[in-house]
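Coordinates in review
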Amino acid sequence: MQQIVDLRSDTVTKPTAAMRQAMAEAEVGDDVFGEDPTVRRLEERVAEILGKEAAVFVPSGVMGNQIALALHTLPGDEVVLAERSHIFHYESGAPGQISGVQLRPVGDETGILRASDVEDVVRGAFDWEPRTSLVCLENTINKAGGLVFPLEAMREVAEVARARGLALHLDGARLWNASAATGTPEAAFAAPFDTVSVCLSKGLGAPVGSLLAGSSSHIHEARRLRKRLGGGMRQVGILAAAGLLALDHRHNLGSDHARAKTFADALAGYSAFRVVPPETNIVLFDTLEEDAEAVLMKLENESVRVVPFGPRTLRATFHRDVTDNDVDYTLEALQRLFG
Ligand SMILES: Cc1ncc(COP(=O)(O)O)c(C=O)c1O
């Protein structure tokens, strides 16, 4: 019998047998005392991959982003980001509550900010204005279907931000995918930014874990902020051990991208759908003949799971637990339902 093909998110992966073994055997210590050797190894490795001085292990991507916001702003400041960004849509209003900042979403539906989008909204010259202190970019852009934010475009935004004295943070939850899709090393994408957050539990298969990387002084302060948010963890080398193995998997992400493309190409052959050609592992598609919910239910009845992304839009995400057989099965299900 066909198992469920779970395309809801790249966070649904289960740790591999090798990960579970590494977790069981991990050398650990109390990480709040800085004594967990496996966490240290993971932090050093991620800092090296991103070309930064240091990194800190945090429980989630949201915590990594929110620590960055707290690092780079003062209460009452304004943060410029794309209207499509995860920080704006999906972090439960944390910037207002945790850092006391307001968000200034700009740009179009691609989520790719232009330098002029930022230039046009920087403010703080007058007492009655909020002071713009930070620009956050995202790569890949989840809500734009895993779109890669091109390196050159990032550099242009960074140049304007620097000229205006603003700090820069990159939400790189799926930076691995941007790198796999373009061949550009993660460190090149990370270079224009003061801090970068990355996730191990999206597509790479780790059960938990994200890191925030930056200068030694920023990461020193980030540890205090992590503790304040309740993110100081003890013998967490058990999770870091899975994270170290997950990192190796980033070189295989091209297979997820290829499967996403196969799926998108098949969808494009049906009049019932309009599909955004995927650059990485996320496929966004519009349902032209019925509501997204109705299509979702039909797919669900065929054991294929996707998520709604709007009244007429669905999202399918490819990850390491989706096999070629699963893709073949999914294409057959599409044919049965919509052919
Ligand atoms: C772009 C982006 N940033 C941050 C996050 C937050 O990660 P977490 O769910 O680990 O908090 C996500 C989660 O999907 C994401 O897609």
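It should be noted that the structure appears before, not after, this text.
Description of the structure in this document.

**Some details on helix H11 (residues 237–248)**
- For H11, with 12 residues, the first-to-last C-alpha span of 17 Å sits near the 16 Å given by 1.5 Å per residue.
- For H11, every residue scored as buried is listed here: Gly237, Leu239, Ala240, Ala241, Ala242, Gly243, Leu244, Ala246 and Leu247.
- In this structure, the buried side of H11 is in contact with helix H1 (17–25), helix H2 (37–50), strand S2 (54–58) and helix H8 (175–182).

**What to know about the sheet that holds strand S10 (residues 282–287)**
- If you trace the four strands from one edge of the open sheet to the other, you get S9-S10-S13-S12, paired in antiparallel fashion. Of all the strands in the sheet, just strand S9 (273–275) and strand S12 (307–310) have a single pairing partner and so form its edges. Each strand of the sheet is rotated relative to its neighbour by a mean of 35°, with strand direction disregarded.
- Alignment of S9 against S10, held across three bridges, turns out to be antiparallel.

**Overview of the site of the ligand**
- Close contacts around the ligand come from Ser60, Gly61, Val62, Asn65, His86, Glu91, Glu138, Asn142, Asp171, Ala173, Arg174 and Lys202, and that covers them all.
- Between the ligand and the protein, one listed contact pairs an oxygen atom with a backbone N or O atom of Val62 at 2.9 Å.
- Separating an oxygen atom of the ligand from a side-chain N or O atom of Lys202 is a distance of 2.9 Å.
- In isolation the ligand has 390 Å² of accessible area, and contact with the protein removes 83% of it.

**Quick look at the packing of H2 against H11**
- H11 packs onto H2 with a crossing angle of 35° between their chain directions and a minimal axis gap of 8 Å. Once H2 is placed against H11, the crossing between them reads as left-handed. Along the contact surface, H2 presents Thr38, Val39, Arg41, Leu42, Arg45, Val46 and Ile49, while H11 presents Gly237, Ala240, Ala241, Gly243, Leu244 and Leu247.
- In the contact of H2 with H11, the residues fall into eight nonpolar, three polar and two charged.

**A closer look at the sheet that holds strand S5 (residues 132–138)**
- An order of S2-S8-S7-S6-S5-S3-S4 is seen for the seven strands of this open sheet, with the pairing classed as mixed. Both edges of this open sheet fall to S2 and strand S4 (102–106), since each of them pairs with a single strand only. When strand polarity is set aside, the average angle formed by the axes of neighbouring strands in this sheet is 20°.
- The pairing of strand S7 (residues 195–199) with strand S8 (residues 210–214) spans four bridges and is antiparallel. Within S8, the residue paired with Ser197 across the bridge is Leu212.
- Here helix H10 (residues 216–228) sits on the sheet in contact with S2, S7 and S8, set at roughly 20° to S2.

**What to know about the pattern of salt bridges**
- Taken as a whole, this structure holds 23 salt bridges when the rule is applied.
- When the shortest N-O distance is used, the salt bridge between Glu48 and Arg45 registers 4.0 Å. Placement of the pair is Glu48 and Arg45 together in helix H2, with a separation of three residues, close to one helical turn.
- By relative accessible area, which is 28% here, Arg45 ends up partly exposed.
- Residue Arg155 is joined to Glu152 by a salt bridge in which the shortest nitrogen-to-oxygen separation is 3.4 Å. Note that Arg155 and Glu152 are positioned in helix H7 (residues 151–163) at a spacing of three residues, about one turn of the helix.
- A residue is classified by how much of its surface remains accessible, and Arg155, at 39% relative accessible area, is partly exposed.
- Residues joined by salt bridges that share partners form a network here, namely Arg40, Glu43 and Arg223.

**Concerning the nonpolar core**
- In this structure, Leu42, Phe57, Val118, Val135, Leu137 and Leu200 are the most contacted members of the largest nonpolar core, which totals 58 residues.
- Broken down by element, this core gets its largest block of residues, seven residues, from H7.
- Ignoring sequence-local partners within four residues, the contact set of Leu137 consists of Leu113, Phe149, Met154, Val157, His169, Leu170, Asp171 and Phe193.

Definitions and cut-offs
Residues numbered from 1 in each chain as written. Predicted model: local features only at pLDDT ≥ 70, side-chain atom pairs only at ≥ 80, totals over all residues. Heavy atoms only, no water. Helix = DSSP H or I, 4+ residues; strand = E, 2+ residues; numbered from the N terminus. Expected span 1.5 Å × (residues − 1). Buried < 20%, exposed > 50% of the residue type's maximum accessible area, 1.4 Å probe, protein only. Contact = heavy atoms within 4.5 Å. Pairing = 2+ DSSP bridges. Axes fitted to C-alpha atoms, helices over the stretch in contact; angles between N-to-C directions. Near = heavy atom within 4 Å. Polar contact = N/O pair within 3.5 Å; in protein donor to acceptor, adjacent residues only side chain to side chain. Areas by Shrake-Rupley, 256 points an atom, 1.4 Å probe, with all protein chains shown as cover. Left-handed = near helix turned anticlockwise from the far one by under 90°. Nonpolar A, V, L, I, M, F, W, Y, C, P; charged D, E, K, R; others polar. Salt bridge = Lys/Arg side-chain N within 4 Å of Asp/Glu carboxyl O. Core = buried A, V, L, I, M, F, W, Y, C linked by side-chain atoms within 4.5 Å.

These results come straight from atomic positions and should not be treated as a statement about function.
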